[in-house]
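# Descriptive structure summary
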Amino acid sequence: MLELLKKYKLIILPLGFVLILDLSLLVMNYMISAELEVASEQINIAGRQRMLSQQIIKDLALINFKLNRHESYSEHKQELLTSMTLFDQTLTVFLAGGDVKSASGANISVDKQLDMTMVATLSKASTVWKPIMSELNSLVNTSIRSTQIDGLILTFSDANLTLLTLMNDLTNQLELKAKQKTYLLRALQTLVVIMILASFMIASLRLIRRERYYNKLMENSADILLGIDVFTGKVSFISTSVFSLLHHADKYYLGKPAIRLFSSRTERALLADLAFVRKNRVLDKKRCDVELVAQDGNIIQAEMIMQLSESLDGRSLELMADIRDISERKKTELALYDLAHKDMLTGLPNRVSFELIASKIIDLANQNQNNIALLFVDLDGFKLINDAYGHQAGDEMLNKVARKIESNLRTTDSVSRIGGDEFVILLDKATNRQDISLIGNKIIQSLSEDMLIGTNVCTISASIGIAIYPEHGDNIVELTKKADAAMYKIKASGKNGIAFA
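Now for a description of the structure that goes with this document. (Residues numbered from 1 in each chain as written. Predicted model: local features only at pLDDT ≥ 70, side-chain atom pairs only at ≥ 80, totals over all residues. Heavy atoms only, no water.)

## Notes on the environment of N432
- Mapping N432 onto the fold places it in the loop between strand 10 (422–428) and helix 12 (433–448).
- Take N432: its relative accessible area is 34%, and that puts it in the partly exposed class.
- Remark: the alpha-carbon pair of N432 and A373, spanning 59 residues in sequence, is separated by 9.3 Å.
- At a separation of 3.1 Å, a polar atom in the side chain of N432 contacts the main-chain amide nitrogen of Q434.
- A polar atom in the side chain of N432 sits 2.8 Å from the backbone nitrogen of D435. (Helix = DSSP H or I, 4+ residues; strand = E, 2+ residues; numbered from the N terminus. Buried < 20%, exposed > 50% of the residue type's maximum accessible area, 1.4 Å probe, protein only. Polar contact = N/O pair within 3.5 Å; in protein donor to acceptor, adjacent residues only side chain to side chain.)

## Considerations on the packing of aromatic side chains
- Within the structure shown, the criterion is met by two aromatic pairs.
- Ring geometry for F87 versus W129: centroids 4.5 Å apart, planes at 45°, classification tilted. Of the two residues, F87 is situated in helix 3 (residues 74–96) and W129 in helix 4 (residues 116–140); the sequence distance between them amounts to 42 residues.
- The exposure class of F87 is buried, given its relative accessible area of 0%.
- Of the residues examined, W129 reaches a relative accessible area of 0% and is grouped as buried.
- With a centroid separation of 4.9 Å and an interplanar angle of 85°, the aromatic rings of Y252 and Y253 are classed as edge-to-face.
- In this arrangement the basic side chain of R260 is found over the ring face of Y252, its NZ or CZ atom lying 4.3 Å from the centre.
- Positioned above the aromatic ring of F500, the side-chain terminus of R433 is 4.7 Å from the ring centre. (Phe/Tyr/Trp six-rings, centres within 6.5 Å; stacked < 30°, edge-to-face > 60°. Lys NZ or Arg CZ within 6 Å of the ring centre and 35° of its normal.)

## Structural notes on the sheet that holds strand 8 (residues 372–380)
- Strands sit in the order 9-10-8-13-14 across an open sheet of five strands; the sheet is mixed. What marks the edges here is a single partner per strand, and that holds for strand 9 (414–417) and strand 14 (498–500). Averaged over neighbouring strand pairs, the angle between their axes works out to 20° when direction is ignored.
- Lying over the sheet, helix 12 contacts strand 8, strand 10, strand 13 (461–469) and strand 14, oriented at roughly 160° with respect to strand 13.
- Those strands touched by helix 13 (residues 476–492) are strand 8, strand 13 and strand 14, and its axis lies near 145° from that of strand 13. (Pairing = 2+ DSSP bridges. Axes fitted to C-alpha atoms, helices over the stretch in contact; angles between N-to-C directions. Contact = heavy atoms within 4.5 Å.)

## Topic: unusual backbone geometry
- With an omega of 5°, the peptide bond running from Y469 to P470 counts as cis.
- Summarising the element assignment, P470 is placed in the loop between strand 13 and helix 13.
- For K429, which is not a glycine, the phi torsion comes out positive at approximately 55°.
- Inspection of the secondary structure puts K429 in the loop between strand 10 and helix 12.
- Positive phi values are uncommon outside glycine, yet N496 reaches one of about 55°.
- A relative accessible area of 39% means that N496 is categorised as partly exposed.

## Description of the nonpolar core
- Counting residues in each nonpolar core, the largest one holds 39 residues, and the members touching the most others are L60, L80, W129 and L136.
- Contributions of two or more residues to this core are made by helix 2 (9–68), helix 3, strand 2 (107–110), helix 4 and helix 5 (146–220).
- Residues contacting L60, with those up to four places away along its chain left out, are L80, L136, L139, I149, L152, I153 and F156.
- Residues A393, V401, I425 and I468 belong to the second largest nonpolar core, which totals 33 residues. (Core = buried A, V, L, I, M, F, W, Y, C linked by side-chain atoms within 4.5 Å.)

## Describing the sheet that holds strand 5 (residues 287–293)
- Ordered by their spatial adjacency, five strands build an open sheet running 4-3-7-6-5, and the pairing between neighbours is antiparallel. Looking at strand neighbours, the two that pair on one side only are strand 4 (235–238) and strand 5, the edges of this open sheet. Strand-to-strand twist in this sheet, taken as the mean axis angle between neighbours without regard to direction, amounts to 30°.
- Across six bridges, the pairing between strand 3 (residues 224–229) and strand 7 (residues 317–325) is antiparallel. Across the sheet, residue G227 finds its bridge partner in strand 7, namely M320.
- The strands touched by helix 7 (residues 264–280) are strand 3, strand 5, strand 6 (299–310) and strand 7; relative to strand 5, the strand with the most contacts, the crossing angle is about 135°.

Okay, structure coming up:
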């Protein structure tokens with residue numbers, strides 16, 4: 001997890017900042033809602049002060065009316081007491097802070113007002129209200145006389161206008177304060193939203209830049225990056241570098257069976273690998289050689305390095321592969337193999353290769369109970385031609401000898417050059433001495449024919465010693481030794497013939 005965070009930190013950091021800002025935005029929305037709720041309650045109770053002031057003068061007028069008609073005014077007196085008490089509590093709470101009843105009877109908590117303009121407004125209202133409150137308390141706590149209430153009505157009527165103006169100012173000031181807080185919070189919201197957008201853009205740009213970077217790497221790479229859905233066998237991803245190697249655009253392969261990239265031999269191996277992965281959910285190998293098919297049908301040797309990965313949508317399993325052209329490496333390996341196992345002059349297997357071939361043939365012959373004939377061929381008269389016409393002429397003759405020997409052999413037989421003018425022939429499944437002699441004599445006859453070397457007509461012959469497996473030995477060293485000895489017998493008896501060990 002830590003490695004993943006380090007790898008994608010340039011993208012994760014701005015996205016983490018976006019998450020923090022989103023949470024901040026939620027907190028601000030909550031704060032705005034809370035501020036609006038508090039402001040609404042305060043504005044409502046400030047507006048209620050105007051209503052209470054009007055209610056007080058209304059109750060005084062009704063009490064006076066009932067008093068003059070000698071009717072009961074206790075109901076209005078109680079309303080007057082309630083209105084004046086609520087007005088006084090609300091004014092006190094605005095100045096000092098505390099709880100006050102709402103219209104529904106619920107407690108409303110009001111903070112002490114710190115704004116100097118509102119404090120001045122409340123102080124003026126308190127100055128006007130306190131004397132009137134004192135007179136009203138005297139009125140409701142004693143028997144009310146008509147002359148007393150007439151004077152109070154006149155006094156409160158003048159004061160009521162002032163109180164209405166001051167309470168209206170308080171309402172406006174509370175509304176302004178609420179607007180200012182709301183504007184501030186909304187400005188912060190806007191700033192946060194801008195920061196969120198900026199962070200998101202930074203993350204997106206970094207992601208795009210990262211994708212472009214890796215796309216460039218893939219485009220400039222000679223390797224083909226390949227993704228194969230394990231369950232469908234179709235190509236889910238392939239790098240555009242495929243065009244430079246196979247001359248097909250990536251669209252030619254995307255969504256198509258992956259086998260269209262490969263030769264029939266590789267196709268079978270790939271299908272077997274996918275079947276193994278579907279069953280076991282693991283790879284049985286992580287590296288293999290494959291054959292790619294180019295647009296022109298040419299086969300390209302490549303190496304495929306594989307690993308399993310979850311698909312991009314997380315719903316499937318993919319075989320991810322890095323395919324590298326190893327044609328040149330294969331050519332080099334083949335050249336090195338040829339250098340180690342082939343005679344550079346004639347193209348025939350050399351002594352090392354002869355021993356490997358012979359061991360395999362002997363093992364098969366042992367399993368199948370077959371005979372093998374080893375013919376040791378030494379050229380007669382080659383040194384004279386080499387000395388007379390030079391090494392170039394000698395090389396040309398050796399090449400022609402190699403071709404003549406090959407033309408007289410079956411496809412199951414082989415010939416190797418193990419020395420200067422020495423050749424060894426392996427006859428697989430040699431049935432009897434008559435057939436072996438026939439082949440040996442055909443080779444001698446062919447080599448005895450005149451050969452045009454440069455501008456010179458040259459003639460040579462050959463002496464051939466023959467050893468048979470298992471009659472003359474059960475290993476290649478013993479067979480070679482006995483065939484060589486038989487060849488020297490022919491040399492000693494006049495050359496240009498064959499002899500069995």
